[in-house]
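Chain by chain, the residues run as shown.
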Amino acid sequence: MEKLRDINKMVEMVHDANRIFISTHKSPDGDAIGSSLALKQGLEKLGKTVTVVVPDAFPAFLNWMVNKGDLLQFDQQSEEVKLALQEAELVFSLDYNNLSRVGKDLEQLLRTDETPKLIIDHHREPEDAAFVAGLHDIEASSTAQLVYDFIQAFGEAGLIDKRTAACIYAGIVTDTGSFRFRSTTAKTHRVVADLMDLGLVTGEVYNEIFDTNSLDRIKLLGYVLDKKLTVFPELELAHISLSEKELNQFNYKSGDTEGVVNYPLSIKGVNVSCIMKENGGIIRLSFRSKGDIDVNLFARKYFNGGGHLNAAGGMSELSLEETVTKFEAAAKEYFGA
Ligand code: 5GP
Ligand code: MN
């Protein structure tokens with residue numbers, strides 16, 4: 001879809017707008033927050049008034065990135081978000097491919113609002129009817145990497161300062177599993193090299209993200225690996241399921257299970273991993289795979305979800321036990337073949 005690769009049109013539209021609204025997906029991760037704040041900071045240097053909106057809470061390991069007043073959280077500040085949207089002349093959708101990814105109420109607000117929408121994203125199958133133009137590339141390591149390209153497209157020096165460089169790096173390092181996933185290319189490393197020239201100190205940011213765990217979070221990981229990991233050697237698959245009650249025993253906070261789904265993949269012979277997590281009566285599923293095994297299609301087919309070839313998510317309205325049973329049957333059918 002050509003219009004979703006039309007960076008020149010996007011630059012033009014930004015030049016013509018003063019108030020800009022940036023949205024990202026529910027349960028925002030490092031790439032969602034990093035790309036949104038980087039874009040905000042770049043656009044502010046161009047003289048724009050920018051509001052970043054997240055649907056709900058972001059993980060504590062991103063606290064260092066977010067200053068007071070940097071963003072609005074829709075589930076707590078819906079009136080402010082509505083006002084910002086009314087005033088906006090341009091809406092950006094960052095790190096999500098479909099308006100449904102922002103959650104029901106915000107989705108409805110965005111769908112009924114007629115402000116032109118631009119997408120910057122790397123997930124498969126973008127909802128192209130929703131956007132007038134975009135920078136969409138499923139091969140990009142992260143949305144943050146695309147935001148770097150987008151800001152550079154304005155051709156002005158000084159739009160990316162040390163703080164913006166840190167936000168972009170945070171998006172890249174989290175979405176690439178610290179530069180190990182297949183989406184990591186020479187270009188990814190070149191972007192990071194450029195960011196270092198702009199003042200980024202990679203070790204500082206890395207420590208902020210990965211070495212600021214709570215004791216509860218590490219103990220939850222220990223519990224999961226010891227008690228909750230189920231391996232199916234013949235399917236080359238493993239899963240983890242966690243009830244709300246179990247999570248509460250470890251004072252669960254948003255983001256505490258981020259990355260846990262990757263651990264089973266480090267077991268020799270395991271090529272697919274799934275974590276199922278109960279939250280407010282629904283079950284969120286995360287899938288990861290190695291090589292050509294397509295968890296995006298699996299998530300679409302069985303769990304009303306999607307994502308990337310090797311990393312996808314979905315949901316289930318069954319109980320946790322029923323979801324585990326459904327997952328096991330679906331996995332047998334899909335991966336057993
Ligand atoms: P995670 O497991 O980290 O939540 O998500 C893995 C990837 O799949 C992320 O890039 C995420 O944006 C995407 N993803 C997660 N859940 C869904 C979903 O329900 N629908 C779609 N389309 N993508 C999802
Ligand atoms: Mn991403």
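Reading guide: rules and limits
- Residues numbered from 1 in each chain as written.
- Chains lettered and ligands numbered in written order.
- Predicted model: local features only at pLDDT ≥ 70, side-chain atom pairs only at ≥ 80, totals over all residues.
- Heavy atoms only, no water.
- Helix = DSSP H or I, 4+ residues; strand = E, 2+ residues; numbered from the N terminus.
- Expected span 1.5 Å × (residues − 1).
- Buried < 20%, exposed > 50% of the residue type's maximum accessible area, 1.4 Å probe, protein only.
- Arc of directions from axis to C-beta.
- Contact = heavy atoms within 4.5 Å.
- Salt bridge = Lys/Arg side-chain N within 4 Å of Asp/Glu carboxyl O.
- Axes fitted to C-alpha atoms, helices over the stretch in contact; angles between N-to-C directions.
- Parallel < 35°, antiparallel > 145°, perpendicular 65-115°, else oblique.
- Left-handed = near helix turned anticlockwise from the far one by under 90°.
- Near = heavy atom within 4 Å.
- Polar contact = N/O pair within 3.5 Å; in protein donor to acceptor, adjacent residues only side chain to side chain.
- Areas by Shrake-Rupley, 256 points an atom, 1.4 Å probe, with all protein chains shown as cover.
- Nonpolar A, V, L, I, M, F, W, Y, C, P; charged D, E, K, R; others polar.
- Domains from an automatic or database assignment.
- Buried area = accessible area lost by both parts, 1.4 Å probe.

It is worth spelling out helix H12 (residues 320-335) at this point. Its 16 residues place the ends of H12 21 Å apart at the C-alpha level, agreeing with the 22 Å of an ideal helix rising 1.5 Å per residue. Considered for burial, the residues of H12 that qualify are Leu320, Thr323, Val324, Phe327, Ala330, Ala331 and Phe335. Angular distribution of buried residues about the axis of H12 spans 135 degrees; they occupy a single face of the element. Exposed side chains of H12 directed beyond 90 degrees from the buried face belong to Glu321, Thr325, Lys332 and Glu333. Its buried side turned inward, H12 meets strand E8 (237-242), strand E9 (272-279), strand E10 (282-289), helix H11 (295-303) and strand E12 (311-316).

Here we come to the pattern of salt bridges. Inspection of the entire model under this criterion finds 14 salt bridges. Close ionic contact of Arg300 with Glu125 constitutes a salt bridge, the shortest N to O distance being 3.6 Å. Of this pair, Arg300 sits in helix H11 while Glu125 sits in the loop between strand E5 (117-121) and strand E6 (133-136), and the two are 175 residues apart along the sequence. The partner of Lys162 in a salt bridge is Glu204, and the shortest N-O contact between them spans 3.7 Å. One end of the pair, Lys162, is in helix H6 (residues 162-175); the other, Glu204, is in helix H8 (residues 202-210), with 42 residues separating them in the sequence. Among the residues examined, Glu204 registers a relative accessible area of 43% and is labelled partly exposed.

Where H6 meets H8, the closest approach of the two axes is 10 Å, and the angle between their N-to-C directions is 55 degrees. With respect to their mutual orientation, H6 and H8 come out oblique. In terms of crossing hand, the pair formed by H6 and H8 is right-handed. Facing Lys162, Ala166, Tyr169, Ala170, Val173 and Thr174 of H6, the residues of H8 in contact are Thr202, Glu204, Val205, Tyr206, Ile209 and Phe210.

A few words now on the site of ligand 1. In the vicinity of ligand 1, 14 residues are found, and the nearest of them are Arg101, His123, Arg284, Ser286 and Arg288. The side chain of Arg284 places a nitrogen or oxygen atom 2.8 Å from a nitrogen atom of ligand 1. Here an oxygen atom of ligand 1 sits 3.0 Å away from a polar atom, N or O, in the side chain of His308. Its free accessible area being 490 Å², ligand 1 has 84% of it covered by the protein chains. Counting only elements with at least two residues in the shell around ligand 1, the list comes to E10, strand E11 (306-307) and E12. Per-element accounting of the shell around ligand 1 gives the leading share, four residues, to E12. A per-class count over the shell around ligand 1 returns two nonpolar, nine polar and three charged. Both domains that furnish three or more residues to the shell around ligand 1 are identified here as domain 1 (3-210) and domain 2 (215-334).

Before going further, it helps to spend a moment on the domain arrangement of the protein chain. Parsing the protein chain into structural domains produces domain 1 (3-210) and domain 2 (215-334). Its C-alpha centre places domain 1 at a distance of 26 Å from the equivalent point of domain 2. Across the boundary between the two partners, domain 1 contributes 14 residues, which contact 13 residues of domain 2. Summed over both sides, the interface between domain 1 and domain 2 buries roughly 1100 Å², with carbon and sulfur atoms accounting for 43% of that surface. Its largest share of buried area at the contact with domain 2, domain 1 owes to Phe61, Arg124 and Arg182, together 45% of the area lost on that side. On the surface where domain 1 and domain 2 come into contact, there are two salt bridges. Our count for the domain 1 to domain 2 interface comes out at six residue pairs in polar contact (both at pLDDT 80 or more). For the side of domain 1 that touches domain 2, a count of residues per class yields six nonpolar, three polar and five charged.

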